[in-house]
Amino acid sequence: MKESNLEALQAAFQAKIDKDIRIEPKDWMPEEYRKTLIRQISQHAHSEIVGMLPEGNWITRAPNLRRKAVLLAKVQDEAGHGLYLYSAVETLGADREATIDDLHSGKAKYSSIFNYPTLSWADMGAIGWLVDGAAIMNQVPLCRCSYGPYARAMVRVCKEESFHQRQGFEIMTTLANGTPVQKALAQDALNRFWWPALMMFGPNDSDSPHSQQSMDWKIKRFSNDELRQTFVDVTVPQAEMIGLTIPDPDLKFNEETGHYEFGAINWDEFWEVVKGNGPCNADRVAARRNAKENGMWVREAALAHEEKRKAKQAS
Ligand SMILES: [Fe+2]
Ligand SMILES: [Fe+2]
């Protein structure tokens, strides 16, 4: 392509972004924009799918039928989110199976939060309240992302995420108002999930090299630190309301700024988990790999059935 043509295409692309006109699959886009979206959306899809595992662990042990039905619906929603997002990746020309293979080989990442174990029923509350709560903070701005299919997928996903957040908070509220043992379980779950939830927003802005480009392309609308601050400001009063204590001795409200100040995040722990050394990384990837291998016969049977059906129709 001639240099001047490329420049004109790039200028037209940026002009659309600046005017908040969505980029659609068949529109011209810079290769880096495409690559960034493929990476981000596929990581997001993997997070939805891997995120089913820690909660799936408690479906058979939910304390009653109502809790079981709600948790089942929630985990099923996450499968749906994963499927929309894999479809959105395909609109960018990526191959779905290759993307999934990258997860299974360890090449692709997913949200580090899902590499922590779920040790008690209260963790279902903490995950809904904190993890889905943090996901909403991240995902609501994505409804205005410059790439059309991703933005549209996020509208429905966010509606479901807010149901997830509320069901988690309801579990925590019930436990926090229950017996001393139940309240202790809720506090313990908060203690274990608070810091990993803050890490979900990613490194501090000063250590986040891709952020500025993503902001210019309007893939990202707020920085990691801005989103993390909003999450803390919204969540701390919720903990107070149900009588639980945020596990951070440095947490205090700053009257002047109107924001909570919080203690230092353990970034060494974050990077260890991202590198694959978290408590459950190996288990999570192995579970996904097994699901693919053990489910292969279903795909083969479905394909064979389809072939037969076609042959019958043709004859
Ligand atoms: Fe989700
Ligand atoms: Fe969710």
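In case you missed it, the structure is sitting above this.
Here's what I pulled together on the structure shown here. (Residues numbered from 1 in each chain as written. Chains lettered and ligands numbered in written order. Predicted model: local features only at pLDDT ≥ 70, side-chain atom pairs only at ≥ 80, totals over all residues. Heavy atoms only, no water.)

**Thoughts on the packing of helix α6 (residues 122–139) against helix α8 (residues 180–199)**
Formally: A fitted line through C-alpha atoms serves as each axis, taken over the contacting stretch for helices, and the angle formed by two N-to-C directions is quoted from 0 to 180°. Secondary structure elements are defined from DSSP: runs of H or I of at least 4 residues count as helices, runs of E of at least 2 residues count as strands, and each element is numbered from the N terminus. Orientation is classified from the angle alone, with under 35 degrees giving roughly parallel, over 145 giving roughly antiparallel, 65 to 115 giving roughly perpendicular, and any other angle giving oblique. Put simply, a crossing is left-handed when the front helix is turned counterclockwise from the back one by less than a right angle, and right-handed when it is turned clockwise. We call two residues contacting when some pair of their heavy atoms lies within 4.5 Å. Only Asp, Glu, Lys and Arg are considered charged in this grouping, and only Ala, Val, Leu, Ile, Met, Phe, Trp, Tyr, Cys and Pro are considered nonpolar; every other residue, Gly among them, is considered polar.
The geometry of α6 relative to α8 is characterised by a closest axis approach of 8 Å and an angle of 30 degrees between their N-to-C directions. Of the possible angle classes, the one that applies to α6 and α8 is roughly parallel. The element α6 and its partner α8 pack so that their crossing is right-handed. Contacts from Ala 122, Asp 123, Ala 126, Ile 127, Trp 129, Leu 130, Val 131 and Ala 134 of α6 reach α8 at Leu 185, Ala 186, Ala 189, Leu 190, Arg 192, Phe 193, Trp 194 and Ala 197. Residues belonging to the contact of α6 with α8 are distributed by class as follows: 14 nonpolar, no polar and two charged.

**Focus on the coordination of the iron ion (ligand 2)**
Under perfect tetrahedral coordination by four donors, a metal shows angles of 109.5 degrees; under perfect octahedral coordination by six donors, it shows angles of 90 or 180 degrees. We apply this condition: Coordinating donors are taken to be N, O and S atoms lying within 2.8 Å of the metal, or within 3.2 Å when the metal is Na, K or Ca; because water is excluded from the atom set, some sites may appear incomplete. A site with four donors is called tetrahedral when every donor-metal-donor angle falls between 85 and 135 degrees; four donors are called square planar, and six octahedral, when opposite donors sit more than 155 degrees apart and all other angles fall between 65 and 115; any other arrangement is irregular. Exposure is judged per residue with a 1.4 Å probe applied to protein chains only, and the accessible area is read against the type maximum: over 50% gives exposed, under 20% gives buried, and values in between give partly exposed.
Protein-derived ligands of the iron ion (ligand 2) are Glu 78 (OE), Asp 132 (OD), Glu 161 (OE) and His 164 (ND1), with the metal-ligand distances lying across 1.9 to 2.2 Å. Coordination geometry of the iron ion (ligand 2): the four donor atoms subtend angles of 89 to 160 degrees at the metal centre, consistent with an arrangement described as irregular. The sequence pattern describing where the donors of the iron ion (ligand 2) fall on their chain is E-x53-D-x28-E-x2-H. The distance between the iron ion (ligand 2) and the iron ion (ligand 1) comes to 3.4 Å, with Glu 78 serving as a donor to both metals. Linking Glu 78 in helix α4 (residues 65–90) with Asp 132 in helix α6, this pair joins segments that are 54 residues apart in sequence. For the pair formed by Glu 78 and Asp 132, the shared burial category is buried.

**Looking at the packing of aromatic side chains**
Convention followed: Two rings from Phe, Tyr or Trp (for Trp, the six-membered ring) form a pair when their centres are within 6.5 Å of each other. A pair whose planes differ by under 30 degrees is stacked, one over 60 is edge-to-face, and the rest are tilted. Note on criteria: charge over ring means Lys NZ or Arg CZ within 6 Å of the ring centre, with the direction from the centre no more than 35 degrees off the ring normal.
Scanning all chains against the criterion turns up nine aromatic pairs. With a centroid separation of 5.5 Å and 85 degrees between ring planes, the pair formed by Tyr 33 and Trp 217 is classed as edge-to-face. Residue Tyr 33 is located in helix α2 (residues 31–50), and its partner Trp 217 is located in the loop between α9 (211–216) and α10 (224–241); the two are separated by 184 residues in the primary sequence. Accessibility classification places Tyr 33 together with Trp 217 in one group, the buried group. With a centroid separation of 5.2 Å and an interplanar angle of 90 degrees, the aromatic rings of Trp 267 and Phe 270 are classed as edge-to-face. Taken as a pair, Trp 267 and Phe 270 lie in helix α11 (residues 267–277) at a separation of three residues, close to a single helical turn. Owing to a relative accessible area of 16%, Trp 267 belongs among the buried residues under this scheme. Here the aromatic cluster, defined as three or more aromatic residues joined through ring pairs, consists of Phe 13, Trp 28, Tyr 33 and Trp 217. Positioned above the aromatic ring of Trp 58, the side-chain terminus of Arg 61 is 4.0 Å from the ring centre.

**A few points about the pattern of salt bridges**
We count it as follows: The term salt bridge refers to a side-chain nitrogen of Lys or Arg lying within 4 Å of a carboxyl oxygen of Asp or Glu.
Going through the model one piece at a time under the given rule, you end up with 23 salt bridges. Put simply, Asp 20 and Lys 218 hold a salt bridge, and the shortest N to O gap is 3.2 Å. Highlighted residues: Asp 20 in the loop between α1 (3–18) and α2 and Lys 218 in the loop between α9 and α10, separated in sequence by 198 residues. Residue Lys 218 is classed as buried on the basis of its relative accessible area of 17%. Close ionic contact of Glu 24 with Arg 152 constitutes a salt bridge, the shortest N to O distance being 2.8 Å.

**Concerning the coordination of the iron ion (ligand 1)**
Surrounding the iron ion (ligand 1) are the protein donor atoms Glu 48 (OE), Glu 78 (OE), His 81 (ND1) and Glu 161 (OE), at 2.0 to 2.2 Å. With four donor atoms in place around the iron ion (ligand 1) and angles of 85 to 145 degrees between them, the coordination shape is irregular. In terms of primary sequence, the donors binding the iron ion (ligand 1) are separated according to E-x29-E-x2-H-x79-E.

**A few points about the layout of surface pockets**
The condition is simple: Detection works on a 1 Å grid of protein atoms alone, calling trapped sets that fit a 1.4 Å probe cavities and calling open sets with protein on both sides within 12 Å along at least five of seven lines pockets, with lining residues defined by an atom within 4 Å of a point. Grid points are joined across faces, edges and corners, and a volume is the space filled by probe spheres set on the points.
In this structure, the largest pocket encloses a volume near 1,300 Å³. Lining the largest pocket are 46 residues; nearest its centre among them are Gln 40, Gln 43, Met 200, Phe 201 and Gly 202. Ranked by residue count, the leading element in the lining of the largest pocket is α2, at seven residues. Classifying every residue of the lining of the largest pocket gives 19 nonpolar, 16 polar and eleven charged. Counted as a void, the second largest pocket has a volume near 230 Å³. Around the second largest pocket sit Ile 49, Leu 83, Tyr 86, Arg 96, Glu 97, Ile 100, Leu 103, His 104, Arg 288, Ala 291, Lys 292 and Arg 299, which together line it. Among the secondary structure elements, those contributing two or more residues to the lining of the second largest pocket are α4, α5 (96–105) and α12 (281–294). No other element matches the five residues that α5 contributes to the lining of the second largest pocket. Grouping the constituent residues of the lining of the second largest pocket by class yields six nonpolar, one polar and five charged.

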